[in-house]
Amino acid sequence: SARSLSPDKNSRYLVPDYFRIWIRSNTLNFQDTSPEPFYVRDLFLQGSYQIYVRSVFLFGGMEEIWSVQSNTVSFNYTGNDENTAATLSFALQQNYPNPFNPNTRISFSLPEKNLVQLGIYNLKGQLVRSLKSEVLASGRYNVDWNGEDNFGMPVGSGIYYYKLNWQGKELVRKMLLLK
């Protein structure tokens, strides 16, 4: 019998909202997320690592993992012979935890000293909270957000964006506050 290829009302064609990455080593267990199907992370601790990924979908504001676990990648990391620090890049990591209630941590790195602006925005693109607006030296930084706006009032559940500006460049990530 012939079978229709057109979608019916019960079928879904899904694109992941983001990807969840699990990183395990002999010294840490870490979860991260990426809105893109590629991922970059600086490694600082020497040792053996295992990494695997799953696609994550949001339904009704709740995280549901639909994909099976990817193959696990295992490798060893050893610092360079001169034991010099790795070159920093302009990078914005996914907040952790995500989803969160009400506290989360945002991490980023800067290769050079310059003015940095880090802000939280709602879905309309309106600034909800300014977290940083100052000159920072080259380095890695962590900034905590407690789910409050610029007036100290708690914000509602929902999707928020955080944006990092530095030297005319901009990086944006999505996060979910669940109450």
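Before going into details, it helps to say that this report is about the structure given with it. What you see is a predicted model; the values in this text were computed from it and never measured.

What counts as what
Residues numbered from 1 in each chain as written. Predicted model: local features only at pLDDT ≥ 70, side-chain atom pairs only at ≥ 80, totals over all residues. Heavy atoms only, no water. Helix = DSSP H or I, 4+ residues; strand = E, 2+ residues; numbered from the N terminus. Buried < 20%, exposed > 50% of the residue type's maximum accessible area, 1.4 Å probe, protein only. Areas by Shrake-Rupley, 256 points an atom, 1.4 Å probe, with all protein chains shown as cover. Pairing = 2+ DSSP bridges. Core = buried A, V, L, I, M, F, W, Y, C linked by side-chain atoms within 4.5 Å. Contact = heavy atoms within 4.5 Å. Axes fitted to C-alpha atoms, helices over the stretch in contact; angles between N-to-C directions.

## Remarks on the overall build of the protein chain
Inference 1: For the protein chain, the helix and strand inventory stands at zero helices and 12 strands.
Inference 2: Secondary structure elements in the protein chain, listed N-terminal to C-terminal, are β-β-β-β-β-β-β-β-β-β-β-β.
Inference 3: Across the 179 residues in the protein chain, those meeting the buried criterion constitute 31%.
Inference 4: About 11,400 Å² of surface is accessible on the protein chain, with carbon and sulfur atoms providing 50% of the total.

## As for the pairing of strand E12 (residues 169–177)
Inference 1: Bridge analysis of strand E11 (residues 158–166) against E12 gives nine bridges, and the strand direction is antiparallel. From the neighbouring strand, Lys 163 faces E12, where its bridge partner is Val 172.
Inference 2: Linking two consecutive strands that pair antiparallel, namely E11 and E12, is a turn of two residues; a positive phi of about 50° is found at Gln 167 within it.

## Examining the sheet that holds strand E7 (residues 104–110)
Inference 1: Taken in spatial order, the three strands line up as E6-E7-E10 in an open sheet, and their pairing is antiparallel. At either margin of the open sheet sits one strand with a lone partner, and together these are strand E6 (91–92) and strand E10 (139–145).
Inference 2: Of the strand pairs in this sheet, E7 and E10 are connected by seven bridges, and their pairing is antiparallel. Opposite Thr 104, over in E10, you have Trp 145 as the bridge partner.

## As for the nonpolar core
Inference 1: Residues Ile 106, Phe 108, Leu 118, Ile 120, Trp 145, Tyr 160 and Met 175 are the most contacted members of the largest nonpolar core, which totals 21 residues.
Inference 2: Of all the secondary-structure elements, those providing two or more residues to this core are E7, strand E8 (114–121), strand E9 (127–136), E10, E11 and E12.
Inference 3: Excluding residues within four positions of it along the chain, Trp 145 makes contact with Phe 100, Pro 102, Asn 103, Thr 104, Ile 120, Val 128, Arg 129, Leu 131, Val 155, Tyr 160 and Met 175.

## Here we look at the sheet that holds E12
Inference 1: The four strands are arranged E9-E8-E11-E12 in an open sheet whose pairing can be described as antiparallel. Two strands bound the open sheet, and with one partner strand each, they are E9 and E12. Sheet twist, expressed as the mean angle between neighbouring strand axes with direction ignored, is 15°.

All we've got here are geometric facts, nothing functional implied.
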